[in-house]
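Analysis of the macromolecular model
For reference, the chains in residue letters:
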Amino acid sequence: MMQNDNLYFRELLETDAQRLFEIYSNVTAMRYRETKPMLKIEDSYKMLKRDAEVKNSGYEFRFGIIEKSTNTLIGTIMYQPVYDKAIIGYSIDEKFWNKGYVTSALRILIDVLKTKKFIILEAWVKKENIASVKVLEKNDFNLISQTLYPNSLLFHRKMVDYR
């Protein structure tokens with residue numbers, strides 16, 4: 001089950017378009033992402049359509065992060081399977097920053113990915129996103145040396161080797 005005491009994950013729905021727009025149009029929050037902030041509500045519908053397409057193809061799986069006490073969509077979390085590795089990512093509404101939600105959500109995702117027998121989890125973070133670095137470190141991710149993207153940090157978490 002994709003949940004803990006405070007959060008649960010669920011599929012994103014068309015009824016989430018407004019909340020997704022609020023989250024992904026926030027210029028402050030989006031400075032830590034490679035994509036530009038959304039400019040109009042239609043952008044969130046495009047995101048939902050793209051997410052459905054990439055999920056159906058097996059390329060990427062994104063879920064809504066829901067705060068149980070209010071049943072509020074507070075962000076998204078995703079993974080891309082690449083052989084025995086999963087590349088992970090997350091975005092959270094700025095109003096929910098520094099409250100432990102992302103650390104908690106990542107623990108749920110790690111538990112889910114353990115059942116899928118990935119060997120390595122990978123995360124890329126912009127160097128200035130100190131809070132996200134701390135989230136990854138709290139979840140046993142280690143900094144890996146890389147020169148491909150000089151403005152980003154690469155983190156890996158080794159999972160149990162199932163081979």
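Structure's up top.
Here goes a summary of the coordinates provided.

The rules we used
- Residues numbered from 1 in each chain as written.
- Predicted model: local features only at pLDDT ≥ 70, side-chain atom pairs only at ≥ 80, totals over all residues.
- Heavy atoms only, no water.
- Buried < 20%, exposed > 50% of the residue type's maximum accessible area, 1.4 Å probe, protein only.
- Helix = DSSP H or I, 4+ residues; strand = E, 2+ residues; numbered from the N terminus.
- Pairing = 2+ DSSP bridges.
- Axes fitted to C-alpha atoms, helices over the stretch in contact; angles between N-to-C directions.
- Parallel < 35°, antiparallel > 145°, perpendicular 65-115°, else oblique.
- Contact = heavy atoms within 4.5 Å.
- Patch = residues over 30% accessible without salt bridge, like charges linked within 9 Å, V, L, I, M, F, W, Y side chains within 5 Å.
- Areas by Shrake-Rupley, 256 points an atom, 1.4 Å probe, with all protein chains shown as cover.
- Salt bridge = Lys/Arg side-chain N within 4 Å of Asp/Glu carboxyl O.
- Core = buried A, V, L, I, M, F, W, Y, C linked by side-chain atoms within 4.5 Å.
- Phe/Tyr/Trp six-rings, centres within 6.5 Å; stacked < 30°, edge-to-face > 60°.
- 1 Å grid on protein atoms, 1.4 Å probe; cavity = no way out; pocket = protein on both sides within 12 Å on 5 of 7 lines; lining within 4 Å.
- Points joined across faces, edges and corners; volume = space filled by probe spheres on them.
- Nonpolar A, V, L, I, M, F, W, Y, C, P; charged D, E, K, R; others polar.

**Describing the pairing of strand β7 (residues 152-158)**
Judged by how many residues are buried, β7 sits mostly within the fold: six of seven residues are covered. When strand β5 (residues 120-126) meets β7, the two strands line up antiparallel, connected through seven bridges. Among the inter-strand pairings, V125 is bridged to a residue of β7, identified as L153.

**Quick look at the packing of helix α1 (residues 17-24) against helix α3 (residues 41-57)**
Across the interface, α1 lies against α3 with an axial gap of 8 Å and an inter-helix angle of 110°. In terms of orientation, α1 lies roughly perpendicular with respect to α3. Across the interface between the two elements, A17, Q18, L20, F21 and Y24 from α1 touch I41, S44, Y45, M47 and L48 from α3.

**Here's the deal with a nonpolar patch on the surface**
Where nonpolar side chains cluster on the molecular surface, the patch consists of W124, L148 and Y149 and spans about 340 Å² of accessible area. For L148, a relative accessible area of 61% corresponds to the exposed category.

**Here we look at the nonpolar core**
One finds Y79, I88, L106, L136 and F141 to be the most contacted residues of the largest nonpolar core, which totals 32 residues. The set of elements that each furnish at least two residues to this core consists of β1 (7-10), β2 (61-67), β3 (72-82), β4 (85-92), α4 (101-114), β5, α5 (130-138) and β7. Looking at this core, the element that brings in the most residues is α4, giving eight residues. The contacts of L136, once residues within four sequence positions are left out, are I88, Y90, L106, A123, V125, F141 and F155. I23, M38, M47 and I66 belong to the second-largest nonpolar core, a separate cluster that totals 12 residues.

**Brief notes about the pattern of salt bridges**
Enumeration according to the criterion identifies 14 salt bridges in this entry. Here K49 makes a salt bridge to E53, at a shortest N to O gap of 3.8 Å. Residue K49 and its partner E53 are both found in helix α3; the two are separated by four residues, about one turn of the helix. Residues participating in the shared-partner salt-bridge network are R19, E22, D93 and K95.

**Considering the packing of aromatic side chains**
Tallied over the full model, the rule gives six aromatic pairs. Seen from their ring centres, Y32 and W97 are 6.1 Å apart, and the 50° between their planes marks the pair as tilted. Linking Y32 in the loop between α2 (27-30) and α3 with W97 in the loop between β4 and α4, this pair joins segments that are 65 residues apart in sequence. Note on W97: relative accessible area 24%, which makes it partly exposed. Taking the centre distance of 5.7 Å and the plane angle of 75° together, the rings of F96 and Y101 count as edge-to-face. Grouping residues by exposure puts F96 and Y101 together as buried. Grouping aromatic residues by their ring pairs yields a cluster made of F61, Y79 and F118.

**Looking at the layout of surface pockets**
Roughly 1,400 Å³ of internal volume is contained in the largest pocket. The dominant element in the lining of the largest pocket, judged by the number of residues it contributes, is β4, at six residues. Classifying every residue of the lining of the largest pocket by side-chain character gives 24 nonpolar, 10 polar and 11 charged. Taken as a whole, the second largest pocket encloses approximately 150 Å³ of empty space. No other element matches the four residues that α3 contributes to the lining of the second largest pocket. Residue composition of the lining of the second largest pocket, by class: four nonpolar, no polar and five charged.

Purely geometric stuff here, so don't read any function into it on its own.
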